[in-house]
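For reference, the chains in residue letters:
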Amino acid sequence: MAKRKINSAALQPKFDELERKNQESLLGGGEKRIAQQHAKGKLTARERVMLLLDEDSFEELGKFVMHRSKDFGLDKEHYLGDGVITGYGTIQGRLVYVFSQDFTVFGGSLSETHAEKIVKIMELAMKNGAPVIGLNDSGGARIQEGVVSLGGYADIFYRNVMASGVVPQISAVMGPCAGGAVYSPAMTDFIFMVENTSFMFVTGPNVVKTVTHENVTAEELGGASTHSMKSGVTHFACANEAQCINEIKQLFSYIPQNCEEVARALSYTSGNESRPSLNEIIPSNPNQPYDMRDVIHGVVDDQSFLKCIKILLKILL
Ligand code: HXC
């Protein structure tokens, strides 16, 4: 960011301080933790937002918010933004509210102030009739804060319920999410997961081992395959984060902004599609099986079928 020069000597230190804070907030939990995030094949919270939204459309809110806790050494550890990036922007020109949890700051865990930032986004989305997209990467309630953090979840769950049926709520689970960090996404309308790097569980394998003596891997406990094949919690399982974000955008293009809008109608242009004739797909012998996906592709617009639960299909094929 270019250094802002102003004519007043008295105000210059304030602008310098603002600029320093802006730079600091971009670093989240610091360069070392960002490198660790990348080494795991994950993007940072800010990179995800930039990939999701139209270029230069993101307006960040609460960039300098910090937690208010003093216990368990938290008084000595502060990060601007407090582990969640919140704001609004556009996707294909349409307004959307976004929050993106930053695993580099206390494992993306939810503090009282972190929760307040998310609640603010949800309130604004309901007020302005726009969807909310949550990019979740969080170890759950910030353990050091105890009950204040749990109260923050209560505030979020309440907004999940109030927003249900009013504005679309979309969640992407993009890291090891535990505890309260999975209850809220599970209450939303559409849930995406990323294969191998995202997990949804009430608590991790180590605690399960301590409490129940059961050995279970993170994938078995709450990986994308478990939630797409067994529990049914997730609707979309994606190969990587880039694909996940692209599919969110595709889904977003199909849904209306709120309960009072109808979905966008697209004009149909015929001529350049090559569709198999439905008569050829469905065999005349009723005992002979056929691939239902060929029928779907024959009926819907070209390239428009958004497949849920790809892992299941991959295993069946
Ligand atoms: C504070 C946390 C944290 C948390 C992780 N961290 N979870 N800090 N509160 N909940 C911190 C770690 O201490 C560590 O800090 C950094 O984030 C990265 O975590 P790692 O453990 O090194 O990462 P990884 O090995 O990838 O494991 C991620 C994890 C694991 C699976 C999420 O951290 C974990 O199991 N965390 C606890 C999960 C949990 O039980 N949450 C439930 C909270 S109770 P340093 O400084 O070492 O880098 C809850 C109830 C809600 O949510 C009820 C609502 C009504």
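Just so you know, these numbers come straight off a predicted model, no measurement behind them.

**Regarding the sheet that holds strand E9 (residues 236-238)**
And step 1. Here seven strands make up an open sheet; going across it, the order is E1-E2-E3-E4-E5-E7-E9 and the pairing mixed. Each edge of the sheet is formed by a strand with only one pairing partner; in this case those strands are strand E1 (59-61) and E9. On average, each strand axis in the sheet is inclined to that of its neighbour by 20°, with strand direction left out of account.
And step 2. Each of E1, strand E2 (84-91), strand E3 (94-101) and strand E4 (132-136) is contacted by helix H3 (residues 45-52), which is oriented at about 165° to E3, the strand it contacts most.
And step 3. Docked against the sheet, helix H10 (residues 241-254) engages E2, E3, E4, strand E5 (169-173), strand E7 (190-194) and E9, running at close to 165° with respect to E7.

**Quick word on the side chain of Arg 159**
And step 1. Counting through the fold element by element, Arg 159 comes out in helix H5 (residues 147-163).
And step 2. The class for Arg 159 is buried, based on a relative accessible area of 16%.
And step 3. Of the polar contacts made by the side chain of Arg 159, one reaches the backbone oxygen of Asp 155; its length is 3.2 Å.
And step 4. Apart from the residues lying within four places of it in its own chain, the contact partners of Arg 159 are Val 119, Met 122, Glu 123 and Met 126.

**Focus on the packing of aromatic side chains**
And step 1. Within this structure, the stated rule accounts for six aromatic pairs.
And step 2. With a centroid separation of 5.4 Å and an interplanar angle of 80°, the aromatic rings of Tyr 79 and Phe 106 are classed as edge-to-face. Here Tyr 79, found in the loop between E1 and E2, pairs with Phe 106, found in the loop between E3 and helix H4 (112-128); they are 27 residues apart in sequence, far enough to count as distant. Like Tyr 79, the residue Phe 106 is buried in the burial classification.
And step 3. Plain terms: the ring middles of Phe 157 and Tyr 183 are 6.1 Å apart, the flat faces sit at 55° to each other, and that makes the pair tilted. Taken together, the residues span a long stretch of sequence, with Phe 157 in helix H5 and Tyr 183 in helix H6 (residues 180-186) at a distance of 26 residues.
And step 4. Judged by relative accessible area, which is 38%, Tyr 183 ranks as partly exposed.
And step 5. Its end group placed over the ring of Phe 252, Arg 94 keeps NZ or CZ at 4.6 Å from the ring centre.

Rules behind the numbers
- Residues numbered from 1 in each chain as written.
- Predicted model: local features only at pLDDT ≥ 70, side-chain atom pairs only at ≥ 80, totals over all residues.
- Heavy atoms only, no water.
- Pairing = 2+ DSSP bridges.
- Helix = DSSP H or I, 4+ residues; strand = E, 2+ residues; numbered from the N terminus.
- Axes fitted to C-alpha atoms, helices over the stretch in contact; angles between N-to-C directions.
- Contact = heavy atoms within 4.5 Å.
- Buried < 20%, exposed > 50% of the residue type's maximum accessible area, 1.4 Å probe, protein only.
- Polar contact = N/O pair within 3.5 Å; in protein donor to acceptor, adjacent residues only side chain to side chain.
- Phe/Tyr/Trp six-rings, centres within 6.5 Å; stacked < 30°, edge-to-face > 60°.
- Lys NZ or Arg CZ within 6 Å of the ring centre and 35° of its normal.

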